[in-house]
Number of protein chains: 2
Amino acid sequence: MSPASTRDKILDAAQGFIARVGVNAMSYKHLSDVVGIRKASIHHHFPTKTDLLLHVVQRYHGHFMLKLDSIMADDGNGRARLESYCKVFEEVLTRGDCTGSCPLGMLVAEMQTLDPKVKVMLMQFYKENQHRLHQILEQGLQDGSLHFKGTREALGALIFSLLQGLLFLTRGGGSVQMFRTTVDQLLVMV
Amino acid sequence: MSPASTRDKILDAAQGFIARVGVNAMSYKHLSDVVGIRKASIHHHFPTKTDLLLHVVQRYHGHFMLKLDSIMADDGNGRARLESYCKVFEEVLTRGDCTGSCPLGMLVAEMQTLDPKVKVMLMQFYKENQHRLHQILEQGLQDGSLHFKGTREALGALIFSLLQGLLFLTRGGGSVQMFRTTVDQLLVMV
DNA sequence: GTCTATATAGAGATAGAC
DNA sequence: GTCTATCTCTATATAGAC
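In this text, all values refer to a predicted model and were calculated from it rather than measured experimentally.

Colleague: Explain the protein's contact with DNA strand D residue by residue, including any values.
Modeller: Taken together, 18 residues lie around DNA strand D, and Arg-38, Ser-41 and His-45 of chain A together with Lys-39 and Lys-49 of chain B are the ones closest in. When the atoms of DNA strand D within 4 Å of the protein are grouped by moiety, sugar and phosphate amount to 57% of the total. Within the side chain of Thr-6 of chain A, an N or O atom sits 3.2 Å from a phosphate oxygen of DNA strand D. One of the side-chain nitrogen or oxygen atoms of Ser-27 of chain B is found 3.1 Å away from a phosphate oxygen of DNA strand D. Every element with two or more residues in the surface near DNA strand D is listed here: helix H3 (39-45) of chain A together with helix H2 (28-35) and helix H3 (39-45) of chain B. With 4 residues, the top contributor of residues to the surface near DNA strand D is H3 of chain A. The residue inventory of the surface near DNA strand D, partitioned by class, reads 6 nonpolar, 8 polar and 4 charged.

Colleague: How would you summarise helix H9 (residues 176-188) of chain A if you had to cite specific residues and measurements?
Modeller: Here H9 of chain A contains 13 residues, and its C-alpha end-to-end distance of 19 Å stays within 8% of the 18 Å for a straight helix at 1.5 Å per residue. Listed in full, the buried residues belonging to H9 of chain A are Val-176, Met-178, Phe-179, Thr-182, Val-183, Gln-185, Leu-186 and Leu-187 of chain A. Those residues of H9 of chain A hidden inside the fold are in contact with helix H5 (78-94) and helix H8 (152-170) of chain A together with helix H7 (116-143) and helix H8 (152-170) of chain B.

Colleague: Could you give an account of the environment of Val-108 of chain A, with specific residues and numbers?
Modeller: With respect to the secondary-structure elements, Val-108 of chain A resides in helix H6 (residues 103-109). When the C-alpha positions of Val-108 of chain A and Lys-119 of chain A are compared, they lie 7.8 Å apart, and in sequence the two are 11 residues distant. Once you skip the residues sitting within four places of it in the chain, Val-108 of chain A turns out to touch Leu-122 of chain A together with Phe-168, Leu-169 and Arg-171 of chain B.

Colleague: Please provide a residue-by-residue account of the protein's contact with DNA strand C, values included.
Modeller: Lining the immediate surroundings of DNA strand C are 18 residues, of which Ser-27, Tyr-28 and Lys-49 of chain A together with Arg-38 and His-45 of chain B lie closest. Taking all atoms of DNA strand C within 4 Å of the protein, the share assigned to sugar and phosphate is 63%. Between DNA strand C and Tyr-28 of chain A there is a distance of 2.9 Å, counted from a phosphate oxygen to a backbone nitrogen or oxygen. In the environment of DNA strand C, a phosphate oxygen lies 3.0 Å from a nitrogen or oxygen atom belonging to the side chain of Ser-41 of chain B. Counting residues per element, the ones that place at least two in the surface near DNA strand C are helix H2 (28-35) and H3 of chain A together with H3 of chain B. With 4 residues, H3 of chain B is the largest single contributor of residues to the surface near DNA strand C. Residues of the surface near DNA strand C, tallied by class, amount to 6 nonpolar, 8 polar and 4 charged.

Colleague: Would you mind going over the pattern of salt bridges in detail, with residue names and values included?
Modeller: This model, assessed by the stated rule, comprises 16 salt bridges over all chains. Note that Asp-12 of chain A and Arg-59 of chain A form a salt bridge whose closest N and O atoms lie 2.9 Å from each other. With Asp-12 of chain A in helix H1 (residues 6-21) and Arg-59 of chain A in helix H4 (residues 49-73), this pair connects stretches of sequence that are 47 residues apart. Between Glu-90 of chain B and Arg-180 of chain B there is a salt bridge whose closest N-O contact spans 2.7 Å. Within this pair, whereas Glu-90 of chain B is found in helix H5 (residues 78-94), its partner Arg-180 of chain B is found in helix H9 (residues 176-188), the two being separated by 90 residues in sequence. Among the residues examined, Arg-180 of chain B registers a relative accessible area of 36% and is labelled partly exposed.

Colleague: I'd like to hear about the nonpolar core, residue by residue, with values.
Modeller: Grouped together as the largest cluster of nonpolar side chains are 133 residues, with contacts concentrated most on Leu-52 and Ile-159 of chain A together with Leu-52 of chain B. If sequence neighbours within four positions are ignored, Ile-159 of chain A has contacts with Leu-82, Tyr-85, Leu-133, Leu-137 and Leu-186 of chain A.

Colleague: I'd like to hear about the relation of the copies chain A and chain B, residue by residue, with values.
Modeller: Turning chain A through 180 degrees and shifting it by 0.0 Å along the axis lays it on chain B, with an RMSD of 0.0 Å. The symmetry that links the two subunits is that of a two-fold axis. Looking at the interface residues of chain A, 100% of them are also at the interface in chain B, so both copies use one shared face.

Thresholds, definitions, all that
Residues numbered from 1 in each chain as written. Chains lettered and ligands numbered in written order. Predicted model: local features only at pLDDT ≥ 70, side-chain atom pairs only at ≥ 80, totals over all residues. Heavy atoms only, no water. Near = heavy atom within 4 Å. Polar contact = N/O pair within 3.5 Å; in protein donor to acceptor, adjacent residues only side chain to side chain. Helix = DSSP H or I, 4+ residues; strand = E, 2+ residues; numbered from the N terminus. Nonpolar A, V, L, I, M, F, W, Y, C, P; charged D, E, K, R; others polar. Expected span 1.5 Å × (residues − 1). Buried < 20%, exposed > 50% of the residue type's maximum accessible area, 1.4 Å probe, protein only. Contact = heavy atoms within 4.5 Å. Salt bridge = Lys/Arg side-chain N within 4 Å of Asp/Glu carboxyl O. Core = buried A, V, L, I, M, F, W, Y, C linked by side-chain atoms within 4.5 Å. Least-squares fit on C-alpha atoms with pLDDT ≥ 70 in both.

Below, the structure written as structure tokens:
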């Protein structure tokens, strides 16, 4: 891996804390301890917590969408793409120390305490996920690899809610195995 | 409604804050403002935040299970009971100022920052929900009102994750309507 | 049970030297 | 860019009077 800049180290640390304990339990002191520089130096890179948050969200959003775009570019029918989509969420769980969830999901949970600018970005994340899911589900209907009653919209909302909920609950005593089992259950139902 | 004791008012206020903003964004000052007594008086009833948390969880757990038990006592087939089960979650959303989610779901999200005693109670809540769901799904299979592939366990985990995830995401720009639509989608798939 | 007052620690943030 | 030092505010929690 390429040597990360201090700025990136801070973003990495912040993203990890948010995923594990949430924004409101993360402090500049915590970041300072992990990154190895003083609090004031963190403030040099990100003057306020909202600044930091905006950049964490933006970066994560970008990386996540790149992954989804690569799924959409792959060969494969709708079902294969839906499986890949779920796999992206599983990787969120298995990467790192396995205690985290999706940092943006965590921020949605704490949304009432955030700057409106962050809220807007979080809603955009939701919207773009829905868009990709609609495409995948539509394709699956067309190529006959997916079968379901109801609308793409409703099933898309169901799938995204399920995956985010799973990430939350898995940390409460759950395991990657439980995550997989539940996703498999979804896949036998479509 | 019966006149609530100060103790109950504190628990009500705490539960509301947890559901809306989480434990880590809730302070004794906030509670003091809502209940109308001083911080020190809150400490008289609940010396530490963990004490308060334990009682909030215990009370909510009790009330929730009473509701589920009344569902299990009603007449009705498996499908009707599953609909009632989902309705209990919808009521969490529509009650009060509509910005909250399940306080225990929120605590699960913040689990890494909590006292181990609270964690144990949260896992118990999950376990008992799973137990009720297994019963409902089994009954639905027996009486022919529900049809699904896979196991009761996997579908139970899916349903609970979905409902908790929905409560989280609905607050991020969602509505009760979206909650209902998604639950309806679940119900046409079983 | 509720109050005032206080202790102690930590938060986010800024000024200015190097 | 990083540091020391400091400001201001808020957090949890306790002591002791009424």
